[in-house]
Amino acid sequence: MVTAIGLASPAAVSAWQKVFPAASATLFVEPNEQACLNRWYVPSSDPSISSQVAQANPDQLARWAREGRAVHAGILEAAVTVHGDAGSSVEVRDISVTVTRREKSAPGTVTGPPGCGSGPDEPSYLAVDLDTLPLNQPIPAAYLLRSPQQKAARQLEADLGQSVSLPHTVEEGDFYSLFLIGRTKLYDTHWRATITWWDGKDIHRRTLSGRDGKDLRVVPTSDH
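Now for a look at the structure at hand. (Residues numbered from 1 in each chain as written. Predicted model: local features only at pLDDT ≥ 70, side-chain atom pairs only at ≥ 80, totals over all residues. Heavy atoms only, no water.)

Attention shifts here to the side chain of T100. Tracing the chain through its elements places T100 in strand 5 (residues 90-103). Polar side-chain contacts of T100 include one of 2.7 Å to the side chain of D215. Every residue in contact with T100, bar those within four places of it in the chain, is listed here: L135, N136, H190, W191, R192 and D215. (Helix = DSSP H or I, 4+ residues; strand = E, 2+ residues; numbered from the N terminus. Polar contact = N/O pair within 3.5 Å; in protein donor to acceptor, adjacent residues only side chain to side chain. Contact = heavy atoms within 4.5 Å.)

Pasting the structure below:
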């Protein structure tokens, strides 16, 4: 069970507006780094932190994830928030997913979560079974929401809340929040998403990645 994590606060969005001051919308992406809501893969070359993962705080886990010492196992969930900035509404038109690298997973240890209770009411979800996607080809939400290969992912969306519905209008000063979930049963998978929106004049696209600007990464939970 994947439980929702906190969405971007106005203060956090304000900080991103300073980075992208001319944008018609501000995007905030925050991978779920809570130990108790995730399973984590630790490479066999670095076994020293296996016993520490369950007690680690999100900042420590994020640091280990950047260093490749702890990797999301099975499922990676990220909170995505869109904030309308430009004096008018923006229309979110698509969220495409691209698998950029796929490798056989190396031996290691997968730690299970002790659990930490339920989260807040769930927003919309876009869940993706990454194993079925071609490499280096952006796959639009319209396909993900109707493909027979993504049936299990859509069931996960239904179990958690509701599937995303696009296009979606974000009024000036308002927020649109969703959770993006990528999961794998087979491969060490690097992936990213691209969000497309229209501000009434132009189409804009921006890549959604991890906190360090690298592609998101998730590995399978089995055969470790």
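With that out of the way, let us pick up the side chain of R183. Positionally, R183 belongs in strand 10 (residues 175-183). A distance of 3.2 Å separates the side chain of R183 from the backbone oxygen of A152, its partner in a polar contact. When neighbours within four sequence positions are excluded, R183 is seen to be in contact with G74, I75, V128, D129, L130, D131, A152, A153 and L156.

Now for the sheet that holds strand 7 (residues 124-129). The five strands are arranged 1-4-10-7-8 in an open sheet whose pairing can be described as mixed. One side of each edge strand has no neighbouring strand; the edge strands of this open sheet are strand 1 (25-31) and strand 8 (162-163). With seven bridges joining them, strand 1 and strand 4 (residues 75-84) adopt antiparallel strand pairing. The residue of strand 4 that forms the bridge with F28 is T81. (Pairing = 2+ DSSP bridges.)

Structurally, P140 can be placed in the loop between strand 7 and helix 3 (141-144). Spatially, the C-alpha atoms of P140 and V97 are 6.6 Å apart, while their sequence positions differ by 43 residues. Setting aside chain neighbours within four positions, we find P140 in contact with D94, I95 and S96.

Moving on to the layout of surface pockets. For the second largest pocket, the calculated volume is near 320 Å³. What lines the second largest pocket is a set of 19 residues, among which A65, R66, D212, D215 and R217 lie closest to the centre. Elements with a minimum of two residues in the lining of the second largest pocket: helix 2 (58-67), strand 3 (71-73) and strand 13 (216-219). Per element, the largest residue contribution to the lining of the second largest pocket is four residues, and it comes from helix 2. (1 Å grid on protein atoms, 1.4 Å probe; cavity = no way out; pocket = protein on both sides within 12 Å on 5 of 7 lines; lining within 4 Å. Points joined across faces, edges and corners; volume = space filled by probe spheres on them.)

Of the residues making up helix 2, those classed as buried are L61, A62 and W64. Viewed along the axis of helix 2, the buried residues span an arc of 165 degrees, placing them on a single side of the element. At its buried positions, helix 2 is contacted by strand 2 (40-43). Backbone geometry just downstream of helix 2 places G68 in the positive-phi region, at approximately 80 degrees. (Buried < 20%, exposed > 50% of the residue type's maximum accessible area, 1.4 Å probe, protein only. Arc of directions from axis to C-beta.)

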